[in-house]
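Take a look at the letters that make up each chain.
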Amino acid sequence: MNAKVAFVVFIFICESAAMFGQASATALRCGGLFDGRSDSLQKNVVVVIQGEKIQSVTNAAPADAEVIDLSRETCLPGLIDTHTHILLQGDITAADYDQQLLKQSPEYRTILATVNARRALEYGFTSIRDLETEGAGYADADVKKAINNGVIPGPRMQVATRALDVTGAYPLQGYAPDVVVPHGVQVVDGADNARQAVREQISHGADWIKVYSDRSYRVREDGVLDDIPTFTLDELRAIVDEAHRERHKVASHAMALYGVHNSVEAGVDSIEHGNYIADADLKTMAAHRIFYVPTIFVGEYVAQGRAAEGAPVWVKMIQIHEDTFRRAMKAGVKIAFGTDAGGFDWKVNPAKEFSSMVKFGMTPAQAIRSSTSMAAELLGMKDSLGTVEAGKLADIVAVPGDPLTDVSVMEKVDFVMKSGVVQKKKP
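Treat the numbers as computed from the prediction; the structure is a model and nothing was measured.

K.L.:
Honestly, the overall build of the protein in this entry has me stumped. Any pointers?
P.N.:
The number of helices and strands found in the protein is 13 helices and 18 strands. Relative to the compact-globule value of 22 Å for 427 residues, the protein shows a C-alpha radius of gyration of 23 Å, a close match. Expressed as a percentage of its 427 residues, the buried residues of the protein come to 55%. Of the contacts formed within the protein by residues at least 6 apart in sequence, a portion of 69% connects residues at least 24 apart. Approximately 18200 Å² of the protein is accessible, and the part contributed by carbon and sulfur atoms is 52%. If you average the places of the 44 positive and of the 55 negative side-chain charges in the protein, the two averages end up 5 Å apart.

K.L.:
Help me out: how do you make sense of the nonpolar core in this one?
P.N.:
As a rule of thumb, soluble globular proteins bury nonpolar side chains together. Membership of the largest hydrophobic core comes to 89 residues, with the highest contact counts inside it found for Leu164, Ile209, Ile271, Met285 and Phe354. The dominant element in this core, judged by the number of residues it contributes, is helix 10 (residues 313-331), at six residues. When neighbours within four sequence positions are excluded, leucine 164 is seen to be in contact with Gln186, Val188, Ala197, Val198, Gln201, Ile209, Lys210, Val211, Tyr212, Phe231 and Ile239. Counting 16 residues, the second-largest nonpolar core is a separate cluster that includes Val47, Ile54, Ile68 and Met417.

K.L.:
What should I look at first to understand helix 2 (residues 94-103) in this one?
P.N.:
One turn of an α-helix holds 3.6 residues; hence residues three or four places apart share an orientation. Considered for burial, the residues of helix 2 that qualify are Tyr97, Asp98, Gln100 and Leu101. Along the long axis of helix 2, the arc covered by the buried residues comes to 160 degrees, so they all point the same way. Away from its buried face by more than 90 degrees, helix 2 exposes Ala95 and Lys103. In this fold, the buried residues of helix 2 make contact with helix 3 (106-122).

K.L.:
Would you take a moment to explain a nonpolar patch on the surface for this structure?
P.N.:
A contiguous nonpolar surface patch, about 250 Å² in accessible area, is contributed by Leu102, Tyr175 and Val179. Relative to the elements of secondary structure, valine 179 occurs in the loop between strand 8 (164-165) and strand 9 (186-187). With relative accessibility at 42%, the residue valine 179 sits in the partly exposed group.

K.L.:
Please explain the sheet that holds strand 5 (residues 79-84) as it appears in this structure.
P.N.:
Picture the strands of a sheet paired through backbone hydrogen bonds; they go either parallel or antiparallel. If you trace the three strands from one edge of the open sheet to the other, you get 5-6-7, paired in parallel fashion. This sheet does not close on itself; its edge strands, each paired only once, are strand 5 and strand 7 (156-159). Mean inter-strand twist for the sheet, computed between neighbouring axes without regard to direction, equals 15 degrees. One ladder, built from four bridges, connects strand 5 with strand 6 (residues 125-130); its direction is parallel. When the bridges of strand 6 are listed, threonine 84 appears paired with aspartate 130. Docked against the sheet, helix 4 (residues 139-148) engages strand 6 and strand 7, running at close to 160 degrees with respect to strand 7.

K.L.:
How do you make sense of the packing of helix 7 (residues 257-266) against helix 8 (residues 279-288) when you look at a structure like this?
P.N.:
Helix packing for two helices is described by the angle between their axes and how far apart those axes are. Where helix 7 meets helix 8, the closest approach of the two axes is 10 Å, and the angle between their N-to-C directions is 30 degrees. When the interaxial angle is binned, helix 7 and helix 8 end up roughly parallel. With respect to the hand of their crossing, helix 7 and helix 8 are arranged in left-handed fashion. Two secondary-structure elements touch here, helix 7 through Leu257, Val260, His261 and Val264 and helix 8 through Asp281, Thr284 and Met285. Looking at the contact of helix 7 with helix 8, its residues break down into four nonpolar, two polar and one charged.

Procedures and definitions
Residues numbered from 1 in each chain as written. Predicted model: local features only at pLDDT ≥ 70, side-chain atom pairs only at ≥ 80, totals over all residues. Heavy atoms only, no water. Helix = DSSP H or I, 4+ residues; strand = E, 2+ residues; numbered from the N terminus. Rg over C-alpha atoms; globule rule 2.2 N^0.38 Å. Buried < 20%, exposed > 50% of the residue type's maximum accessible area, 1.4 Å probe, protein only. Contact = heavy atoms within 4.5 Å. Areas by Shrake-Rupley, 256 points an atom, 1.4 Å probe, with all protein chains shown as cover. Lys, Arg positive; Asp, Glu negative; His and termini not counted. Charge placed at Lys NZ, Arg CZ, Asp CG, Glu CD. Core = buried A, V, L, I, M, F, W, Y, C linked by side-chain atoms within 4.5 Å. Arc of directions from axis to C-beta. Patch = residues over 30% accessible without salt bridge, like charges linked within 9 Å, V, L, I, M, F, W, Y side chains within 5 Å. Salt bridge = Lys/Arg side-chain N within 4 Å of Asp/Glu carboxyl O. Pairing = 2+ DSSP bridges. Axes fitted to C-alpha atoms, helices over the stretch in contact; angles between N-to-C directions. Parallel < 35°, antiparallel > 145°, perpendicular 65-115°, else oblique. Left-handed = near helix turned anticlockwise from the far one by under 90°. Nonpolar A, V, L, I, M, F, W, Y, C, P; charged D, E, K, R; others polar.

By themselves, these observations are geometric and do not establish any function.
Right, here's the structure in full:
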């Protein structure tokens, strides 16, 4: 075979490989597009998808593309919920929580978790950070694996496995001393034990380390939400240092004065709930880029039930939370969307959090960005998620209306695409 013939054969082989190895593009014809960066909608936009990524954002579909008509919809980046519990089914009262750990096996709870993962995806959340299994061991790591392997449908997940707390500070509590009951967390005391627990959790698949930094809340006469801190500052610093040394991040359940302060001093990566945060700590959070994940809706959801069980502080915490949220915005703290789904029943759409954030002072655009570009930054995935632009993963959802006019339409997601594959589409 001479050189000319060989060259022609080579070109033919390459063109054939391209023809048969590359599927045709998919084009989403969107009536409006919120791209996750701006404050306004782009009108009549076409998003072209090749494989699992966005190829372009343009005005016309390629001639050979499969077109999906969303011209009556607003398209947005796939939503991200940075605080979920797929292994929980709601725990307004201690009895709700105890029943799950005492009467449901980890295997049964994992089966329920697969249902919750699918629910999260169909609600429009194409990515979640699941912040511990509440007594179900490393089941979240297995659910994540099953999703990644295509065994079950669900969002891409970052998981925190077992979480950490100290002796005597976390349910199950109140049982007779000689009655052995399961724990909702991994119990650790002392800096060295805490480091060992971090290593153990990471070895079993934890993407994040979660700590419970406070408990036992009360409102002081000056209106400050007080607490009892759990870990010593030395223990918290050891946990953060060990996690960061292994290139993992730390999320801190910190609802009140000392829990938040100690967490910020220790250098955690996110404050979860944060019903009360002192101004000085907000300033440090902004300076050190520590995220705030406020989980507003769940506090409102559980307040009356917990008050009826003898803890009226939960009702008072709602107004304190709103004041903190507004001060955090003013201080320039990065705020990421998180719902604590599982703390309330998964049959309730977690997207209700958008309306709660707007009620507390965000614009609809700010609230949506908290669940797209801001959440992607918290997860360390801003290069691939959070906005609709060329080169990003094709995670796209659509809602029937203008969410910048009525943010509650975020509860009506009727189209979901994850990594270029349609997961939900209205008939």
